[in-house]
Protein chains: 2
Amino acid sequence: MAKGEVKLLDFWASPFCMRVKIALAEKGVEHEDSQEDLFGGKSELLLKTNPIHQKVPVLFHNGKAVLESTIIVGYIDEVWPSNPLLPTCPHARAQARFWADIIDKKVFEGGAKIWQSTGEAVEVGKKDFIEILKQLEGALGEKDYFGGDSFGFVDIIAIPFSSWFLAYEIFGGFKVEDHCPKISAWIKRCLQRESVAKVLPDPERVYEFVTTFRKMQGIE
Amino acid sequence: MAKGEVKLLDFWASPFCMRVKIALAEKGVEHEDSQEDLFGGKSELLLKTNPIHQKVPVLFHNGKAVLESTIIVGYIDEVWPSNPLLPTCPHARAQARFWADIIDKKVFEGGAKIWQSTGEAVEVGKKDFIEILKQLEGALGEKDYFGGDSFGFVDIIAIPFSSWFLAYEIFGGFKVEDHCPKISAWIKRCLQRESVAKVLPDPERVYEFVTTFRKMQGIE
């Protein structure tokens, strides 16, 4: 499956980086991983290749940079077309991109409203976050995965956030499973997949990271 | 080029709808146009097919809805592949999607900071907007179009906003041309193209629309 050198500017707790690592794993593509020190100072390479956003992930393929996680996952699907992640039918592809876009715009930001807040704002954040998850649950419906019977593009875009859910649950005082049982079952299903299991960090470790980050930001 | 029935839920002043109409025109695809009355009340069809965003454009192709303008333009390019809008090379495609995403996230919102504001906030909005345009000018460089020699995906995503520039210039007290001469030349170049010229409304009409909208919102 090798098609030249693949390198990733990564950060272990970033759900956006996890997407890229899952997509590479699904395609059986090995990569060199370079962890960024987001607190200690971003690397020159990151700042040079992504001057507008200054964010991980950055994928280098044969020396050329590809930016933005959802775009990178689509790129990986085009360059290594076996085991396709996006459906082949244009309408189903457009639907997958629509849900990926909703997840991009709402899930991380929705969760941040919980863990970056205190007091009454936490309740507002929790309500918003559960509403977003319920929309996703509606899109999932009775299917095993967002695209149907097989793990694909939207699953890869969404599943990394689940490693942050424990932190949201602890800071928000709720359980995702109580509100969205189908999403909860989908998470367990995805975690049985090798590509997901090997990439997603332990939610306890993410919770500790979020706790440290809250302290650094002076929250509480 | 016909491949079944094509219908668009449209609003004449929406740059997002203009994207879809330019893409259809580039492909030589005829469509039935249904204007939404965004002030008088959105149609049942719009609310039913796009319950999350409740926004135009909605493209119906053979009865199936496709949502979100950038996704719709990509869909059109896949369904009617002749005269391709996206490049064929995966890396160039990823770059086009990256710039489309920047435009999606920043240009309309940047302009709104000018025309939805008064006083000192207008100056802040103007500064931000010019900065975004300068980033785009950097991406355009010395090329005729964003993708090189031919009009393509990123041009279609970006050019509709130019019909709002007169309003930004009047409310912001500046000229785009003074700050971004290459963007200004690119706009003139695109307007010579039939697909663009026939879709973009007269900037004076957009200015009147924005003026009315400001009054309705109680701005000034």
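As the structure is a computational prediction, the values presented were derived from the model and not from experiment. (Residues numbered from 1 in each chain as written. Chains lettered and ligands numbered in written order. Predicted model: local features only at pLDDT ≥ 70, side-chain atom pairs only at ≥ 80, totals over all residues. Heavy atoms only, no water.)

Trainee: With reference to specific residues and values, describe the overall build of chain A.
Mentor: Along the backbone of chain A there are 11 helices and four strands. By the compact-globule yardstick of 17 Å for 220 residues, chain A fits well, its C-alpha radius of gyration being 17 Å. Here the C-alpha coordinates of chain A stretch approximately 50 × 45 × 30 Å along the principal axes. A fraction of 72% describes how many contacts in chain A between residues 6 or more apart in sequence connect residues 24 or more apart. Surface exposure of chain A reaches about 9900 Å², of which carbon and sulfur atoms provide 51%. (Helix = DSSP H or I, 4+ residues; strand = E, 2+ residues; numbered from the N terminus. Rg over C-alpha atoms; globule rule 2.2 N^0.38 Å. Contact = heavy atoms within 4.5 Å. Areas by Shrake-Rupley, 256 points an atom, 1.4 Å probe, with all protein chains shown as cover.)

Trainee: Kindly report on the sheet that holds strand S3 (residues 58-61) of chain B, identifying the contributing residues and their values.
Mentor: Residues and elements named next belong to chain B. In spatial order, the strands read S2-S1-S3-S4; together these four strands make up an open sheet with mixed pairing. Because the sheet does not close on itself, it has two edges, and the strands there are strand S2 (32-35) and strand S4 (64-67). Averaged over neighbouring strand pairs, the angle between their axes works out to 20° when direction is ignored. Pairing of S3 with S4, which is carried by four bridges, proceeds in the antiparallel orientation. The residue of S4 that forms the bridge with His61 is Lys64. Contacts between helix H1 (residues 15-27) and the sheet are confined to strand S1 (6-10), S2 and S3, with S1 contributing the most and set at about 155° to the helix. (Pairing = 2+ DSSP bridges. Axes fitted to C-alpha atoms, helices over the stretch in contact; angles between N-to-C directions.)

Trainee: Go over the nonpolar core, please, and point to the residues and values.
Mentor: In this structure, Leu59(A), Trp164(A), Trp186(A), Leu59(B), Trp164(B), Ile183(B) and Trp186(B) are the most contacted members of the largest nonpolar core, which totals 154 residues. Setting aside residues up to four positions removed in sequence, Trp186(B) forms contacts with Leu140(B), Asp144(B), Tyr145(B), Phe146(B), Asp155(B), Ala158(B) and Ile159(B). (Core = buried A, V, L, I, M, F, W, Y, C linked by side-chain atoms within 4.5 Å. Buried < 20%, exposed > 50% of the residue type's maximum accessible area, 1.4 Å probe, protein only.)

Trainee: Hey, could you go over the interface of chain A and chain B for me, with residue numbers and the actual values?
Mentor: A common way to express how large an interface is: the accessible area buried when the components associate. Between chain A and chain B, the contact holds 24 residues from the first and 24 residues from the second. The contact between chain A and chain B buries some 2100 Å² in all, and 68% of this surface belongs to carbon and sulfur atoms. When the area that chain A buries against chain B is broken down by residue, the three leading residues are Ile52(A), His91(A) and Phe98(A), summing to 27%. For Arg93(A), the salt bridge is made with Glu78(B), and the minimal N-O distance between the two is 3.0 Å. Remark: the boundary between chain A and chain B carries six residue pairs in polar contact (both at pLDDT 80 or more). Counting residues per element, the side of chain A that touches chain B draws most heavily on helix H4 (residues 90-115) of chain A, which supplies 11 residues. Taken together, the residues of the side of chain A that touches chain B sort by class into 12 nonpolar, four polar and eight charged. (Buried area = accessible area lost by both parts, 1.4 Å probe. Salt bridge = Lys/Arg side-chain N within 4 Å of Asp/Glu carboxyl O. Polar contact = N/O pair within 3.5 Å; in protein donor to acceptor, adjacent residues only side chain to side chain. Nonpolar A, V, L, I, M, F, W, Y, C, P; charged D, E, K, R; others polar.)

Trainee: Describe the UniProt feature "domain: GST N-terminal" (unreviewed entry) in chain A, naming the residues involved and giving the relevant values.
Mentor: Per the UniProt record, "domain: GST N-terminal" (unreviewed entry) is annotated on residues 4-84 of chain A. When the span residues 4-84 of chain A is considered, its composition is 36% helix and 21% strand, and the gap between its end C-alpha atoms is 19 Å. (UniProt positions renumbered as here; feature names shortened; annotations may be inferred.)

Trainee: Go over the pairing of strand S1 (residues 6-10) of chain A with me, naming the residues and quoting the values.
Mentor: Residues and elements named next belong to chain A. Most of S1 sits inside the fold, with four of its five residues counted as buried. The sheet contact formed by S1 and strand S3 (residues 58-61) spans four bridges and is antiparallel. Counterpart to Val6 in the pairing with S3 is His61. Note that S1 and strand S2 (residues 32-35) share four bridges and pair parallel. Residue pairing for S2: Asp10 is matched across the bridge by Gln35.

Trainee: Which residues make up the UniProt feature "domain: GST C-terminal" (unreviewed entry) in chain A, and what values do they have?
Mentor: Under the local residue numbering, the UniProt record ascribes the feature "domain: GST C-terminal" (unreviewed entry) to residues 89-209 of chain A. As a span, residues 89-209 of chain A carries 76% helix and 0% strand, and end to end its C-alpha atoms are 41 Å apart.

Trainee: Now, about the pattern of salt bridges: what can you tell me, with residues and values included?
Mentor: With the rule as written, the count across this model stands at 24 salt bridges over all chains. In this structure, Lys105(A) and Glu68(B) form a salt bridge, with 3.1 Å as the shortest nitrogen-oxygen distance. With Lys105(A) in helix H4 and Glu68(B) in the loop between S4 and helix H3 (69-79), the pair connects residues from two separate chains. Overlapping salt bridges bring together Glu68(A), Asp101(B) and Lys105(B) as one network.

Trainee: Outline the relation of the copies chain A and chain B, supporting the account with residue identities and numerical values.
Mentor: Superposition of chain A onto chain B requires a rotation of 180° combined with a translation of 0.0 Å along the rotation axis, giving an RMSD of 0.0 Å. On this basis, the relationship between the two copies can be described by a two-fold rotation axis. A shared binding surface is used by both copies, with 100% of the interface residues of chain A retained as interface residues in chain B. (Least-squares fit on C-alpha atoms with pLDDT ≥ 70 in both.)

Trainee: Before we move on, can you summarise the side chain of Arg19(B) with the specific residues and values?
Mentor: All names here are of chain B. The residue Arg19 is located in helix H1 in this model. Look at Arg19 and you get buried, because its relative accessible area is 0%. Leave out the neighbours within four places in its chain, and Arg19 touches Ser69, Thr70, Val73, Ile103, Asp104, Ile156, Ile157, Pro160 and Phe161.

Trainee: Just give me the short version of the pairing of S3(A), but keep the residues and values in it.
Mentor: Every second residue of S3(A) is oriented toward a common face, with Val58(A) and Phe60(A) on one face and Leu59(A) and His61(A) on the other, all of them buried. Linking S3(A) to strand S4 (residues 64-67) of chain A, which pair antiparallel, is a turn of two residues; within it Asn62(A) sits at a positive phi near 50°.

Trainee: I'd love a proper account of the sheet that holds S3(A), names of residues and values included.
Mentor: Residues and elements named next belong to chain A. What the four strands build is an open sheet, ordered S2-S1-S3-S4; its pairing is mixed. Of all strands in the sheet, those with a lone pairing partner are S2 and S4, marking the two edges. Each strand axis lies, on average, 20° off the axis of its neighbour in the sheet, ignoring direction. The sheet contacts of helix H1 (residues 15-26) involve S1, S2 and S3, and relative to S1 the element is tilted by about 155°.

Trainee: Give a detailed account of the domain arrangement of chain A, specifying residues and quantitative values.
Mentor: All names here are of chain A. The domain boundaries assigned to chain A delineate domain 1 (6-79) and domain 2 (90-216). In total, domain 1 and domain 2 occlude about 1900 Å² of area from one another, counting both sides; carbon and sulfur atoms represent 77% of this. Ranking the residues of domain 1 by area buried against domain 2 places Trp12, Arg19 and Ile22 at the top, with a combined share of 33%. Taken together, domain 1 and domain 2 are joined by two salt bridges. Between Arg19 and Asp104 there is a salt bridge whose closest N-O contact spans 2.8 Å. In this assembly, domain 1 and domain 2 are joined by six residue pairs in polar contact (both at pLDDT 80 or more). Listed by contribution, the elements that provide at least two residues to the side of domain 1 that touches domain 2 are H1 and helix H3 (69-79). For the side of domain 1 that touches domain 2, the element with the highest residue contribution is H1, accounting for nine residues. Considering only residue class, the side of domain 1 that touches domain 2 consists of 11 nonpolar, two polar and three charged. (Domains from an automatic or database assignment.)

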